[in-house]
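# Close look at the chain arrangement
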Amino acid sequence: MQCKDVQSKFIPFINDELNYKELKGFLEHIRQCKNCHEDYDFYYTMIIGMRYLDSDNSTAEIEMDSEQLLNDAERYLLQYKILKGEKILLLIVICIMLILLL
Ligand SMILES: [Zn+2]
């Protein structure tokens, strides 16, 4: 993923609208590219700030920071990968059972 691709995904990322592949590329790039990481922080602060101003509730909490969102996304990717691995393992077990039964 190029810098310009990553930068076009800041808002979808914050809105949690990226698919697995996009999310993976996005996170990999942002962890390596200092420029994009800084830009992301800037966007995040801006968007969350705007939402805060938009909301009527002045006590609306903004607990999550930009770094935490990245960490959450990485954890999600990891879980997704494990889940996918389990499915493949299950498939292999079923195949072996079928072979043994036949
Ligand atoms: Zn970059």
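Residues numbered from 1 in each chain as written. Predicted model: local features only at pLDDT ≥ 70, side-chain atom pairs only at ≥ 80, totals over all residues. Heavy atoms only, no water.

Glancing now at the coordination of the zinc ion. Summarising the metal site, the zinc ion is bound by the protein donors Cys3 (SG), His29 (NE2), Cys33 (SG) and Cys36 (SG), whose distances to it range over 2.0 to 2.3 Å. Classification of the site at the zinc ion rests on its 4 donor atoms, whose angles at the metal span 101 to 114°, yielding the label tetrahedral. Mapped onto the sequence, the residues coordinating the zinc ion show the spacing C-x25-H-x3-C-x2-C. Accessibility expressed as a relative area gives 13% for histidine 29, which makes it buried. (Donors = N, O, S within 2.8 Å, 3.2 Å for Na, K, Ca; no water. Tetrahedral: all angles 85-135°; square planar, octahedral: opposite > 155°, others 65-115°. Buried < 20%, exposed > 50% of the residue type's maximum accessible area, 1.4 Å probe, protein only.)

Now for unusual backbone geometry. For residues besides glycine, phi is generally negative; the peptide bonds are generally trans as well. Of note in this structure, aspartate 16 is not a glycine but carries a positive phi near 60°. In this structure aspartate 16 comes out as exposed when scored by relative accessible area, which is 67%.

Right, let's get into the confidence of the model for the chain. Residues shown with low pLDDT carry predicted positions that ought not to be read at fine detail. Averaged over all residues, the pLDDT of the chain equals 86, while 91% of them reach at least 70. Looking over the chain, one finds the lowest element-wise mean pLDDT in helix 5 (residues 66–101), namely 85, and the highest in helix 1 (residues 3–7), namely 95. (pLDDT = per-residue confidence, 0-100. Helix = DSSP H or I, 4+ residues; strand = E, 2+ residues; numbered from the N terminus.)

On to the nonpolar core. Counting residues in hydrophobic clusters, the biggest one holds 20 residues, and the most contacted among them are Phe13, Ile14, Phe26, Leu27 and Tyr40. Put simply, the parts of the chain that give this core at least two residues each are helix 2 (10–14), helix 3 (20–32), helix 4 (34–54) and helix 5. Those residues in contact with leucine 27, other than ones at most four positions away along the chain, are Phe13, Leu70, Ala73, Glu74 and Leu77. (Core = buried A, V, L, I, M, F, W, Y, C linked by side-chain atoms within 4.5 Å. Contact = heavy atoms within 4.5 Å.)

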